[in-house]
Amino acid sequence: MSRQTTSPPPVVLSIAGSDPSGGAGIQADIKTFTVIGIYSGAVITSLTCQNTTGVSSTLSLPASFVKQQVEDVLADLYVTHIKIGMIGDESIAESLGPILAGFQGEIVYDPVLRSSSGTPLYSADNMELITNQLIGNSTVLTPNSEELKILTGQDYSTTDAALIGAQKLLSSHKSLRAICLKGGHIETDKETVTDFFLEKKGPDGKGKISIHQAIHPRIQTKNTHGTGCTFASAFTAFHLLTGNRKTAFDKTVHFMDLLISKSRSHSIGRGKGPLLHHAWLES
Ligand code: PLP
């Protein structure tokens, strides 16, 4: 009798912080991958104490322990995509850099630096290690305008200014192929939100930068906890499924619109409520 061999399915590895209230961080990542239908591993960088009203404290794990978690998973599972969220501190950023540099697949980095209530989720005096070890080894970055502002040291009050900042950032990193610039925090008085997808053209990424936009209605809701984590995870999952970054962006915008809209009216927690990821399965 011949033995059947099956090739392993490609999977995602999420590297992020834990949110015990379940709305953001690695909990949001795993829910997103699961409802889209992708298996994921989950390496925790930091624990947080928080609920929907805010973050009360954070505790980073030792960098060597975070590194060991990543190495053990990569040594065994067929990981084609890494998604990175909260990193915690400089020693963790430093320990991850060489692993990311040697990884052959897609690395989607959501530069989580502060919670929406203002608590730092990355403690360092400057952005040097984030820039060199994380952005410098990623293929896709998914900042909102506030994160872009911290990363570039520039203030952006208009969409045009933020776009110029994002283009500069994209051009200055060789491995970076695309930026998803989330527009929810820009021109908040408008009735629409515009998200942008900037991508370097050409097979080697040496061509011009193309800019694609998705304009959608601004949904009035307080339930936005974990939208950044969910966006980056959905992009990663859709890229794994389609192999195309622009298609992944369009599918992610649709996924987010549906989840935000279906999560508008619940009252889980007293503060900024979470998204109901399972609404995707019911849609
Ligand atoms: N990751 C963790 C562990 C967090 O606690 C938070 C926010 O508090 C985030 C990520 C960012 O959340 P969001 O997706 O709302 O930007």
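Attention in this report is confined to the structure presented alongside it. Keep in mind that this is a model prediction, so the values were computed, not measured.

Here is what the cut-offs are and how they apply
- Residues numbered from 1 in each chain as written.
- Predicted model: local features only at pLDDT ≥ 70, side-chain atom pairs only at ≥ 80, totals over all residues.
- Heavy atoms only, no water.
- Core = buried A, V, L, I, M, F, W, Y, C linked by side-chain atoms within 4.5 Å.
- Buried < 20%, exposed > 50% of the residue type's maximum accessible area, 1.4 Å probe, protein only.
- Contact = heavy atoms within 4.5 Å.
- Helix = DSSP H or I, 4+ residues; strand = E, 2+ residues; numbered from the N terminus.
- Pairing = 2+ DSSP bridges.
- Expected span 1.5 Å × (residues − 1).
- Arc of directions from axis to C-beta.
- Axes fitted to C-alpha atoms, helices over the stretch in contact; angles between N-to-C directions.

## Examining the nonpolar core
Here is step 1 of the chain: In this structure, Ile82, Leu96, Ile130, Leu134, Ile179 and Leu181 are the most contacted members of the largest nonpolar core, which totals 42 residues.
Here is step 2 of the chain: Leaving out residues up to four positions away in the same chain, Ile130 has contacts with Tyr109, Leu113, Tyr122, Ile135 and Leu151.
Here is step 3 of the chain: Among the nonpolar cores identified, the runner-up in size contains 28 residues, and Phe235, Phe238, Met256 and Ile260 belong to it.

## Digging into the pairing of strand β4 (residues 79-84)
Here is step 1 of the chain: Most of β4 sits inside the fold, with six of its six residues counted as buried.
Here is step 2 of the chain: Note: strand β1 (residues 11-18) against β4, five bridges, orientation parallel. For Val12, the partnering residue across the bridge sits in β4 and is His81.
Here is step 3 of the chain: Pairing of β4 with strand β6 (residues 106-109), which is carried by four bridges, proceeds in the parallel orientation. Bridge assignment links His81 to a residue of β6, and that residue is Glu106.

## Quick look at helix α2 (residues 63-76)
Here is step 1 of the chain: Here α2 is 14 residues long and its end C-alpha atoms lie 21 Å apart, about the 20 Å a rise of 1.5 Å per residue gives.
Here is step 2 of the chain: If you check which residues of α2 are buried, you get Ala63, Val66, Val70 and Val73. Buried residues of α2, seen end-on, are gathered within an arc of 105 degrees and therefore sit on one face of the element. Of the residues in α2, the exposed ones pointing more than 90 degrees away from the buried face are Ser64, Ala75 and Asp76.
Here is step 3 of the chain: Taken together, the buried residues of α2 touch β1, β2 (40-51), β4 and α3 (90-101).

## A word on the sheet that holds β4
Here is step 1 of the chain: Here we have nine strands laid out as an open sheet, ordered β3-β2-β1-β4-β6-β8-β9-β10-β11, and mixed in their pairing. At either margin of the open sheet sits one strand with a lone partner, and together these are β3 (54-60) and β11 (209-217).
Here is step 2 of the chain: Strands β1, β2 and β4 of the sheet are contacted by helix α1 (residues 25-36), whose axis makes an angle of about 155 degrees with β1.

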